[in-house]
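Chain by chain, the residues run as shown.
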Amino acid sequence: MSDDTSDAKSANTMWGGRFAEGPDAIMEAINASIGFDRRLAQQDIEGSRAHAAMLAATGIITDKDAEAIREGLLTVLSEIESGKFAFSTALEDIHMNVEARLRELIGAPAGRLHTARSRNDQVALDFRMWVREQADAAIAGLEALMKTLLAQAEAGADWVMPGFTHLQVAQPVTWGHHMLAYVEMFARDRARFGDARKRMNECPLGAAALAGTSFPIDRQMTAEALGFDRPTANSLDTVADRDFALEFLAAAAITAMHLSRLAEELVIWSSAQFRFVTLSDRFSTGSSIMPQKKNPDAAELIRAKIGRILGALVALFTVMKGLPLAYSKDMQEDKEQVFDAADSLMLALAAMEGMVSDMNANREALEAAAGAGFSTATDLADWLVRALNMPFREAHHVTGALVALAEKKGVDLPDLTLDDMKSVHEGITEDVFGVLGVHNSVASRTSYGGTAPTQVRAQIKRWKEALK
Ligand code: ARG
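In short, a report on the structure.

1. So, the side chain of Ser375
Okay, so step 1: With respect to the helices and strands, the residue Ser375 is situated in the loop between α13 (363-371) and α14 (377-388).
Okay, so step 2: Its relative accessible area of 1% is what places Ser375 among the buried residues.
Okay, so step 3: Beyond its immediate stretch of four places on either side in the chain, Ser375 contacts Val169, Ala170, Gln171, Pro172, Ala370 and Val438.

2. A closer look at the site of the ligand
Okay, so step 1: Around the ligand, the structure places Ser33, Asp93, His95, Arg119, Asn120, Val123, Tyr327, Gln332 and Lys335.
Okay, so step 2: Contact distances for the ligand include 2.9 Å between a nitrogen atom and a side-chain N or O atom of Asn120.
Okay, so step 3: The side chain of Gln332 places a nitrogen or oxygen atom 2.7 Å from a nitrogen atom of the ligand.
Okay, so step 4: Protein chains shield 86% of the accessible area of the ligand, which is 340 Å² for the free molecule.
Okay, so step 5: In terms of residues, the shell around the ligand owes the most to one element, helix α6 (residues 119-155), which gives 3 residues.
Okay, so step 6: A class-by-class count of the residues in the shell around the ligand yields 2 nonpolar, 4 polar and 3 charged.

3. Some details on the packing of aromatic side chains
Okay, so step 1: Enumeration over the complete set of coordinates arrives at 11 aromatic pairs.
Okay, so step 2: Plain terms: the ring middles of Phe127 and Phe339 are 6.3 Å apart, the flat faces sit at 85° to each other, and that makes the pair edge-to-face. Here Phe127 is found in helix α6, whereas its partner Phe339 is found in helix α12 (residues 335-358), with 212 residues between them in sequence. Just as Phe127 is buried, Phe339 falls in that class too.
Okay, so step 3: Taken together, the ring pairs in this structure connect Phe164, Trp175, Trp269, Phe274 and Phe276 into an aromatic cluster.
Okay, so step 4: Positioned above the aromatic ring of Phe339, the side-chain terminus of Arg39 is 5.0 Å from the ring centre.
Okay, so step 5: Just above the ring of Trp463 sits the side chain of Arg462; from NZ or CZ to the centre is 4.8 Å.

4. Thoughts on the pattern of salt bridges
Once their charged atoms are close, side chains differing in charge can pair, the charge on each being opposite to the other.
Okay, so step 1: Tallied over the full model, the rule gives 25 salt bridges.
Okay, so step 2: When the shortest N-O distance is used, the salt bridge between Asp136 and Arg197 registers 2.6 Å. One end of the pair, Asp136, is in helix α6; the other, Arg197, is in helix α7 (residues 175-200), with 61 residues separating them in the sequence.
Okay, so step 3: The exposure class of Asp136 is partly exposed, given its relative accessible area of 33%.
Okay, so step 4: Given the relative accessible area of 24%, Arg197 is considered partly exposed.
Okay, so step 5: A salt bridge links Asp340 to Arg308; the shortest N-O distance between them is 2.6 Å. Note that Asp340 is positioned in helix α12 and Arg308 in helix α11 (residues 297-320), a separation of 32 residues in sequence.
Okay, so step 6: You can call Asp340 partly exposed: its relative accessible area is 26%.

5. Section: the packing of α6 against α7
Okay, so step 1: Where α6 contacts α7, the two axes come as close as 9 Å, and the packing angle between them is 165°. Compared by their axis directions, α6 and α7 come out roughly antiparallel. Viewed along their axes, α6 and α7 form a crossing whose handedness is left-handed.
Okay, so step 2: Looking at the contact of α6 with α7, its residues break down into 19 nonpolar, 3 polar and 8 charged.

Definitions and cut-offs
All chains use their own residue numbering, which begins from 1 and follows the written sequence. For this predicted model, a pLDDT threshold of at least 70 governs which residues receive local features, and a threshold of 80 or more governs which side-chain atom pairs are given and counted, while totals over whole chains, interfaces and linings are taken from all residues. For the side-chain quantities, the full set of heavy atoms in the structure was used; hydrogens and water were omitted. Helix and strand definitions follow DSSP, with helices as H or I runs of at least four residues and strands as E runs of at least two, each counted in order from the N terminus. Three labels apply to residues, based on accessible area from a 1.4 Å probe with only protein chains included: buried if under 20% of the type maximum, exposed if over 50%, partly exposed otherwise in between. Throughout, a contact is declared for two residues whenever any of their heavy atoms are within 4.5 Å. Think of it this way: one heavy atom of a residue within 4 Å of a molecule or strand is enough to make that residue near it. In the analysis that follows, any N or O atom pair within 3.5 Å is treated as a polar contact, provided that within protein one partner can donate a hydrogen and the other can accept it, and provided that, for residues neighboring in sequence, both atoms belong to side chains. Method for areas: the Shrake-Rupley scheme with a 1.4 Å probe, in which residue coverage is limited to the protein chains shown. All residues other than Ala, Val, Leu, Ile, Met, Phe, Trp, Tyr, Cys, Pro, Asp, Glu, Lys and Arg, Gly among them, are scored as polar; the first ten of these are nonpolar and the last four charged. Centres within 6.5 Å are what make two rings of Phe, Tyr or Trp a pair, Trp counting through its six-membered ring; a difference in plane orientation under 30 degrees is then read as stacked, over 60 as edge-to-face, and the rest as tilted. Any Lys NZ or Arg CZ found within 6 Å of a ring centre and within 35 degrees of that ring's normal is scored as a charge over the ring. The term salt bridge refers to a side-chain nitrogen of Lys or Arg lying within 4 Å of a carboxyl oxygen of Asp or Glu. Fitting a line to C-alpha atoms yields each axis, with helices limited to the stretch in contact; the angle taken between N-to-C directions then spans 0 to 180 degrees. Working definition: roughly parallel below 35 degrees, roughly antiparallel above 145 degrees, roughly perpendicular at 65 to 115 degrees, and oblique for all remaining angles. Throughout, a crossing is termed right-handed when the near helix is turned clockwise from the far one, and left-handed when it is turned anticlockwise from it by less than a right angle.

By themselves these figures say nothing about function.
Now the structure itself:
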């Protein structure tokens, strides 16, 4: 794509009627958004085509002019898509670039397109349609990732691994359960994008500059043509509102936070100290100096994406706070942040999906780690409560003494002898060994949402139905 260097001496042909002089080059540089809002070209043209059709249907312009406009706009779009379009900084933004080219192509009728419209409702429309598409893309990306996590969960529904709190071994859990935890998170993210999409799906077109218009426009018609549920109900709010972008960024930031947590686990799990998973070569890189290394770069970069995505949310909040109604040029600073955040999010979702789909969980390493760190101590305490009718607090204390004894002897809980056990508490019987194994431990946690393979399989079934 080529940019012309503008002629700063002549006044802007779109709004320069009252201007004797053109803008200073620095003014032009700070004012122009075409460098980035060209990404809205398709939405801009779709919106203008719907607007022109409505202007003709309501008799505001002739059918003939509307036809010329609508056809001409398609030509502009094809020029943009094929990279032939010469974007002009002097024409500030995508809206004026498109309209100016339309005038070159079809002449006078082009001048009627902007009837009953302003760039303020135009940009609100274009941006909203762009964000709406991105919400759909995020939902699709999240669903793909959820399906991949489900496949991992299904493959290892009953594999045991340590569950952690404080990154200290807590209780054994199943691999399937751990994978499903992320399915739940990403499902909430998906719902957040869905909610935001529903709320943003009102059409700004027709709010005009800020007050509506005296022309007999049909806002229902343009709303329907552009896939909106209804037109927005207050013209001032419409051109002043960027909630839809903030909600998108908020949903993106929470998703990025979840991705970051999963990425962090993959970084830890793929280390030589853990060896819980092996990442594929396709999603790893090597070191230029240490030949043995395989680095989880994709995971690390996903872990980092939250920085720019959350940054975009904070930036847009900061731009919007304190702006008086209705439109202010500050709002032109909304787009780059959202573009970057959306690009980062889609890339992170795709990379995570690829990484999770490729990765191999190391069943043996998971199981070996599951029993370490006295992970079945809670099972032992629960056994004391059930078998000996001991109050839980006392059982906790007795178990603590048994852990201390095992630690002193340098063995795990199942390796203590019955005599060792009895030395701490008389009443303990042989039966206790039945609960000290990690498989028994996880199998016993059958409460709804618990880690038992039976529960995990039920949840996998539910999610598979839901994601069909
Ligand atoms: N380029 C502007 C933006 O991105 C479009 C709206 C301009 N409106 C105006 N009254 N100057 O926000």
